[in-house]
Amino acid sequence: MKRITHWIDGKPFAGESERAGDVFDPALGVVSGRVDFAPAAVVDEAVAAATRAFDGWRESSLSQRTKVLFAFRELLAARTGELASIITAEHGKVLADAAGEVQRGLEVVEFACGVPTLLKGGFSENVSTRVDSYSLRQPLGVVGVISPFNFPAMVPMWFFPVAIACGNTVVLKPSEKDPSASVFLAELWAQAGLPGGVFNIVHGDKVAVDRLLTHPDVAAVSFVGSTAVARYVYETGTSRGKRVQALGGAKNHMVVLPDADLDLAADAAVNSGFGSAGERCMAISAVVAVEPIGDELVAKITSRMAALHTGDGRRDSDMGPLVTAAHRDKVAGYLDAGLAEGASLVVDGRSIEPDGAAEGFWLGPSLFDHVEPTMSVYTDEIFGPVLSVVRSPTYDAALDLVNTNPYGNGTAIFTNDGGAARRFQHDVQAGMVGINVPIPVPMAYYSFGGWKNSLFGDAHAHGAEGVHFYTRGKVVTSRWLDPSHGGVDLGFPTQT
Ligand code: NAD
């Protein structure tokens, strides 16, 4: 049985582990490995290694850091296929989707390769007579990254390339459900020449998270996961004086106006609702059909769903299994709940015949119509292949639905009316907006993050906000003595 261990000080951690967890191959429905769970003492070792490495790494030149980042980028690009296989084997998403995930992470590495430009400050000559002023951004120290199961490579890469490029050292706590991708990334860092201790991994659960949140030497924490844990991480971390960005759950709406291209909208609803089995924080889970197009749109979505092929992600499938049996059962429970609450179950994913082992954690794509905002299939983040259609009488009612939802991660509008799209982008309360684009994930050089219960803290991930999050500003005012001396003056400094 494969054992997945922590990564501390540039190498696998040799110590024994008292606690461990099962890692599954979701398409086979079998345990494929055991992952060590770190107690507080092991987290302390990782933080100590990161603390020791910090001084050297922050003193390394921008050229040296960039050289390591470029080497990491090359290795990652060359070995994308291997990493995608590791992701598919533990998460279940199909190989092409896993390779897409690596590509999106790679783009953040490429963004971080531009760190010499990103860290440039400002300079003002002669702010006062013979006095100059300039700004610097400096790293924070040891930063913690805590990530969810649904993107075991991409989500950690939203953070650690930028943190490391800015001169910080990192302790990553990946999801215990699919931990192997992070270890592969650690091996690539070592091959790229990153000094030991700059990037560390501790596996585990709440015990490890809590130690990162309370450890006095951890300066900042980036978290991604469900809203309840995100809120907890934000409150606990900030109460200890740490800088925290905690990205939470989502309920993403796609508003379809009557003038939209309904074929495009139906394709988009299916792709964004069922890609990665709906286990994406940017998945569309509620399609808001502005009448009178509801019947036609539901028919178009239904016919496309009939062609979807659910099976082992290593075969030629469109959609893989869910991550665990428990999660599959929870998601399937929403099909009963929706029926009991009065929604129409147009497609029941429990009846599919998957192309995979009988023991796999299967649930096919499902579609509810006539969903009401009070039903649990609408109010809850299901995080599975269940799409709900809510009928709305008007655009204003549709916008109100989106804006009163407690989540505000992503949203999309489908229309051929530029004015309507512009009004929506202006009025909607969400962090990422698509116009005829269902999954508007920002490129690495923009910042990723939601509003409301989808993000606690005020910095989004990567892009300019990522650089800002991982650095502190300093402004220097300098005067080099000229032959003339200023003399004693107790007044407040003013420009002369
Ligand atoms: P999760 O909240 O269960 O776990 C996330 C991380 O927190 C994991 O590393 C886990 O070990 C740890 N954790 C779990 N329970 C904890 C607790 N009680 N105390 C401390 N730490 C704890 O989330 P998940 O199921 O792995 O991922 C799915 C969730 O992540 C969904 O809600 C999804 O929307 C969200 N997500 C959000 C974004 C975003 O950008 N907003 C991106 C991806 C995923």
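For the structure, check the block above.
Residues numbered from 1 in each chain as written. Predicted model: local features only at pLDDT ≥ 70, side-chain atom pairs only at ≥ 80, totals over all residues. Heavy atoms only, no water.

1. Some words on the side chain of Asp36
Reasoning step 1: Residue placement: Asp36 occurs in strand S5 (residues 30-37).
Reasoning step 2: A polar side-chain atom of Asp36 sits 2.7 Å from a polar atom in the side chain of Arg3.
Reasoning step 3: Once residues within four sequence positions are removed from consideration, Asp36 is found in contact with Arg3, Ile4, Thr5, His6, Ser17, Arg19, Ala20, His203 and Gly204. (Helix = DSSP H or I, 4+ residues; strand = E, 2+ residues; numbered from the N terminus. Polar contact = N/O pair within 3.5 Å; in protein donor to acceptor, adjacent residues only side chain to side chain. Contact = heavy atoms within 4.5 Å.)

2. Comments concerning the site of the ligand
Reasoning step 1: By nearness alone, 28 residues border the ligand, and Lys173, Glu176, Ser226, Gly248 and Glu381 come closest of all.
Reasoning step 2: At 2.7 Å, a side-chain N or O of Glu176 approaches an oxygen atom of the ligand.
Reasoning step 3: Gly225 has a polar backbone atom sitting 3.3 Å from an oxygen atom of the ligand.
Reasoning step 4: Within the residue set of the shell around the ligand, elements represented by two or more residues are helix H8 (206-214) and strand S11 (218-224).
Reasoning step 5: For the shell around the ligand, the residue count by class is 14 nonpolar, 10 polar and four charged. (Near = heavy atom within 4 Å. Nonpolar A, V, L, I, M, F, W, Y, C, P; charged D, E, K, R; others polar.)

3. Examining the sheet that holds strand S4 (residues 19-25)
What holds strands together in a sheet is hydrogen bonding between their backbones, with the strands either parallel or antiparallel.
Reasoning step 1: Strand order in the open sheet formed by three strands is S1-S5-S4, and the pairing between neighbours is mixed. Each end of this open sheet is capped by a strand with a single partner; those strands are strand S1 (2-4) and S4. Direction aside, neighbouring strands of the sheet carry axes that sit 30° apart on average.
Reasoning step 2: Looking at chain direction, S1 and S5 are connected through three bridges and run parallel. Across the sheet, the residue bridging to Lys2 is Gly33, located in S5.
Reasoning step 3: Each of S1 and S4 touches helix H3 (residues 80-91); the most contacted strand, S4, lies at about 100° to it. (Pairing = 2+ DSSP bridges. Axes fitted to C-alpha atoms, helices over the stretch in contact; angles between N-to-C directions.)

4. What to know about the environment of Trp158
Reasoning step 1: With respect to the helices and strands, Trp158 occurs in helix H6 (residues 154-165).
Reasoning step 2: Placed 308 residues apart in sequence, Trp158 and Gly466 show a C-alpha to C-alpha distance of 8.5 Å.
Reasoning step 3: If we skip the residues at most four places from it in the chain, Trp158 touches Val108, Val224, Leu247, Phe448, Ala461 and His462.

5. A closer look at the pattern of salt bridges
Reasoning step 1: Evaluation of the coordinates by the stated rule reveals 28 salt bridges.
Reasoning step 2: For Lys2, the salt bridge identified is with Glu90, shortest N-O distance 3.5 Å. Of this pair, Lys2 sits in strand S1 while Glu90 sits in helix H3, placing them 88 residues apart in sequence.
Reasoning step 3: Overall, the relative accessible area of 43% leaves Lys2 in the partly exposed class.
Reasoning step 4: Its relative accessible area of 5% is what places Glu90 among the buried residues.
Reasoning step 5: Its salt-bridge partner being Arg315, residue Asp355 comes within 2.6 Å of it at the nearest N-O pair. With Asp355 in the loop between strand S15 (344-347) and strand S16 (366-369) and Arg315 in the loop between helix H11 (294-305) and helix H12 (325-341), this residue pair connects regions lying 40 residues apart in the sequence. (Salt bridge = Lys/Arg side-chain N within 4 Å of Asp/Glu carboxyl O. Buried < 20%, exposed > 50% of the residue type's maximum accessible area, 1.4 Å probe, protein only.)

6. Digging into the environment of Arg3
Reasoning step 1: Checked against the element boundaries, Arg3 lands in strand S1.
Reasoning step 2: Each C-alpha atom of the pair Arg3 and Gln103 lies 27 Å from the other, and the pair is 100 residues apart in sequence.
Reasoning step 3: Filtering out sequence-adjacent residues up to four positions away, Arg3 remains in contact with Gly15, Glu16, Ser17, Arg34 and Asp36.

7. Some words on the sheet that holds strand S23 (residues 471-479)
Reasoning step 1: With antiparallel pairing, the three strands of this open sheet are ordered in space as S6-S7-S23. The outermost strands of the open sheet, each flanked by one partner alone, are strand S6 (123-128) and S23. For this sheet, the mean angle separating the axes of adjacent strands, direction not counted, is 30°.
Reasoning step 2: With three bridges joining them, S6 and strand S7 (residues 131-139) adopt antiparallel strand pairing.

8. So, the environment of Val256
Reasoning step 1: Mapped onto the elements, Val256 comes out in strand S13 (residues 252-256).
Reasoning step 2: A C-alpha to C-alpha distance of 9.1 Å links Val256 and Ala398, two positions 142 residues apart in sequence.
Reasoning step 3: Residues contacting Val256, with those up to four places away along its chain left out, are Leu262, Ala265, Val287, Val288, Ala289, Val290, Ile293, Leu297 and Phe414.

9. Describing the packing of H8 against helix H9 (residues 227-239)
Reasoning step 1: Packing of H8 against H9 leaves a shortest axis separation of 9 Å and a crossing angle of 35°. Residues Lys206, Val209, Asp210 and Leu213 of H8 touch H9, and the partners they reach there are Tyr232, Val233, Thr236 and Gly237.

10. Remarks on the packing of aromatic side chains
Any pair of aromatic rings gets described here by the distance separating the centres and the angle formed by the planes.
Reasoning step 1: Scanning all chains against the criterion turns up 12 aromatic pairs.
Reasoning step 2: With a centroid separation of 3.8 Å and an interplanar angle of 10°, the aromatic rings of Phe72 and Trp189 are classed as stacked. Taken together, the positions of Phe72 in helix H2 (residues 62-78) and Trp189 in helix H7 (residues 180-192) put the pair 117 residues apart, joining distant regions of the chain. When sorted by exposure, Phe72 lands in the same class as Trp189, which is buried. (Phe/Tyr/Trp six-rings, centres within 6.5 Å; stacked < 30°, edge-to-face > 60°.)

11. A closer look at a nonpolar patch on the surface
Reasoning step 1: Together, Met443, Tyr445 and Tyr446 give the surface a local cluster of nonpolar side chains, amounting to about 370 Å² of exposed area.
Reasoning step 2: Note on placement: Tyr446 falls in the loop between strand S20 (432-435) and strand S21 (451-452).
Reasoning step 3: Of the residues examined, Tyr446 reaches a relative accessible area of 57% and is grouped as exposed. (Patch = residues over 30% accessible without salt bridge, like charges linked within 9 Å, V, L, I, M, F, W, Y side chains within 5 Å. Areas by Shrake-Rupley, 256 points an atom, 1.4 Å probe, with all protein chains shown as cover.)

12. Some remarks on the pairing of S16
Reasoning step 1: Burial along S16 is two-sided: Ser366 and Phe368 facing one way and Leu367 and Asp369 facing the other are all buried.
Reasoning step 2: Of the strand pairs in this sheet, S16 and strand S17 (residues 386-392) are connected by three bridges, and their pairing is parallel. From the neighbouring strand, Phe368 faces S17, where its bridge partner is Ser388.

13. Overview of the side chain of His6
Reasoning step 1: Its location among the elements puts His6 in the loop between S1 and strand S2 (7-8).
Reasoning step 2: At 3.0 Å, the side chain of His6 and the backbone nitrogen of His203 are in polar contact.
Reasoning step 3: Excluding its chain neighbours within four sequence positions, the residues that come into contact with His6 are Lys11, Pro12, Phe13, Asp36, Phe37, Ala38, Val42, Ile201, Val202 and His203.

14. Quick look at H12
Reasoning step 1: Here H12 spans 24 Å end to end across 17 residues, near enough to the 24 Å set by a 1.5 Å rise per residue.
Reasoning step 2: Taken together, the buried positions of H12 are His327, Arg328, Val331, Ala332, Tyr334, Leu335 and Gly338. Here the buried residues of H12 occupy an arc of 135° about the axis, which is enough to place them on one side. In H12, the exposed residues that point more than 90 degrees away from the buried face are Ala326 and Ala340.
Reasoning step 3: Of the surrounding elements, those touching the buried residues of H12 are S15, S16, helix H13 (376-379) and S17. (Expected span 1.5 Å × (residues − 1). Arc of directions from axis to C-beta.)

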